[in-house]
Amino acid sequence: MQRLRALTWNHPRGYNALAAAAARPELAESGLAIAWDKQPLEGFESHPIADLCARYDLVVLDHPHVGEAMAGDCLQSLEAVFGDATVRTLEAESIGPSLRSYRFGDAHWALPLDAATQVMAARADLLDAPVPELWGEVVALSQRTGKVALSLAGPHAALSFLSIAAAFGEPPRRRNRMSLSRARPDGGSTN
């Protein structure tokens, strides 16, 4: 029997389905056993991915870490493991661009196990106006109350910037992903 050690994050979205799949009789019948360890999500943000990959056969990682993993030469591409045809099928059956978010350097480096996006939460009973729907309304609420928060810990500042830029129809340029190309309203350039 082939036994694999695997690491994921300690949240039901990151662990429960993987543990249930590892316990299925079909997996054991195929000659494969997977033992899943888990750690806090912050552990993936603060610990080198190359070290985790050296200690585990399978590692769940978030797409911001793919570049770090590539620099550490510690992953096999999905194309190398499953073949191009299977990866094309996975991409066609994934939600939105989920699988593409793990594409780097002409290959895919992880499977999309979970989808997340930037969202807003508000308690309407504590607002003195309707729940904001537009950015200008969010800014006005923040200026009026001082009670608007944005998660900027770890990679979230860069991810929020990219999400906001894409929402405004300005995805990052291919050569410099943190650079925008559209001119500013004052006539200057965002380059």
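Model, not experiment: these values are computed from the prediction. (Residues numbered from 1 in each chain as written. Predicted model: local features only at pLDDT ≥ 70, side-chain atom pairs only at ≥ 80, totals over all residues. Heavy atoms only, no water.)

Draft legend 1. Fine view of the overall build of the protein chain. The secondary structure content of the protein chain amounts to nine helices and five strands. Its helices and strands taken in sequence order, the protein chain reads β-α-α-β-α-α-β-α-α-α-β-β-α-α from the N to the C terminus. Out of the 191 residues in the protein chain, the part that is buried amounts to 25%. At a minimum sequence separation of 6, the contacts of the protein chain that also span at least 24 residues come to 49%. (Helix = DSSP H or I, 4+ residues; strand = E, 2+ residues; numbered from the N terminus. Buried < 20%, exposed > 50% of the residue type's maximum accessible area, 1.4 Å probe, protein only. Contact = heavy atoms within 4.5 Å.)

Draft legend 2. Region of the structure containing the side chain of Glu-79. Tracing the backbone shows Glu-79 in helix α6 (residues 78-82). One buried charge, Glu-79, has no salt-bridge partner; the nearest side chain with opposite charge is Arg-103, at 4.1 Å. Beyond its immediate chain neighbours, meaning those up to four positions away, Glu-79 contacts Asp-84, Val-87, Arg-103, Ala-107 and His-108. (Lys, Arg positive; Asp, Glu negative; His and termini not counted. Salt bridge = Lys/Arg side-chain N within 4 Å of Asp/Glu carboxyl O.)

Draft legend 3. Broad picture of a nonpolar patch on the surface. Taken together, Val-81, Phe-82, Leu-111 and Leu-113 make up a surface patch of nonpolar side chains, about 340 Å² in accessible area. Positionally, Val-81 belongs in helix α6. Take Val-81: its relative accessible area is 46%, and that puts it in the partly exposed class. (Patch = residues over 30% accessible without salt bridge, like charges linked within 9 Å, V, L, I, M, F, W, Y side chains within 5 Å. Areas by Shrake-Rupley, 256 points an atom, 1.4 Å probe, with all protein chains shown as cover.)

Draft legend 4. Local environment of the packing of aromatic side chains. On inspection of all chains with the given rule, the structure shows zero aromatic pairs. The cationic tip of Arg-5 hangs over the ring face of Tyr-56; the distance from NZ or CZ to the ring centre is 4.4 Å. The residue whose ring lies beneath Lys-38 is Tyr-15, and the NZ or CZ to ring-centre distance is 4.0 Å. (Phe/Tyr/Trp six-rings, centres within 6.5 Å; stacked < 30°, edge-to-face > 60°. Lys NZ or Arg CZ within 6 Å of the ring centre and 35° of its normal.)

Draft legend 5. Spatial organisation of the pairing of strand β1 (residues 2-9). Judged from the eight bridges that link them, β1 and strand β2 (residues 32-39) form a sheet pairing that is parallel. If you follow Gln-2 over to β2, its bridge partner there is Leu-32. Where β1 lies against strand β3 (residues 58-59), two bridges are found, and the strand directions are parallel. Bridge pairing in β3 places Leu-7 opposite Val-59. (Pairing = 2+ DSSP bridges.)

Draft legend 6. Representation of the pattern of salt bridges. Counted by the stated rule, this structure contains six salt bridges. In this structure, Glu-26 engages Arg-24 in a salt bridge whose closest nitrogen and oxygen atoms are separated by 2.4 Å. By relative accessible area, Arg-24 is classed as partly exposed at 48%. Residue Asp-51 pairs with Arg-55 through a salt bridge whose shortest N-O separation is 3.3 Å.

Draft legend 7. Structural view of the nonpolar core. Ile-34, Trp-36, Phe-44, Val-59 and Leu-75 are the most contacted members of the largest nonpolar core, which has 24 residues in total. Of all elements in the fold, only β1, β2, α4 (49-55) and α5 (66-71) reach the threshold of two or more residues within this core. For Phe-44, the residues in contact, after removing those within four places along its chain, are Leu-7, Thr-8, Trp-9, Gln-39, Ile-49, Leu-52, Val-59, Val-60 and His-65. (Core = buried A, V, L, I, M, F, W, Y, C linked by side-chain atoms within 4.5 Å.)

Draft legend 8. Here's a closer look at unusual backbone geometry. For Asp-73, which is not glycine, the phi dihedral falls at a positive 50°. Counting through the fold element by element, Asp-73 comes out in the loop between α5 and α6. Judged by relative accessible area, which is 69%, Asp-73 ranks as exposed.

Draft legend 9. Structural view of the sheet that holds β3. Judged by pairing direction, the sheet is parallel, and its three strands sit side by side in the order β2-β1-β3 without closing on themselves. Each end of this open sheet is capped by a strand with a single partner; those strands are β2 and β3.

Draft legend 10. Just the environment of Val-60, in detail. Secondary-structure assignment places Val-60 in the loop between β3 and α5. Given a relative accessible area of 13%, Val-60 falls into the buried group. Along the primary structure Val-60 and Phe-44 are separated by 16 residues, whereas in three dimensions their C-alpha atoms are 8.9 Å apart. Setting aside residues up to four positions removed in sequence, Val-60 forms contacts with Leu-7, Thr-8, Trp-9, Leu-18, Trp-36, Phe-44 and Leu-113.

Limitation: the analysis is restricted to geometry and does not speak to function.
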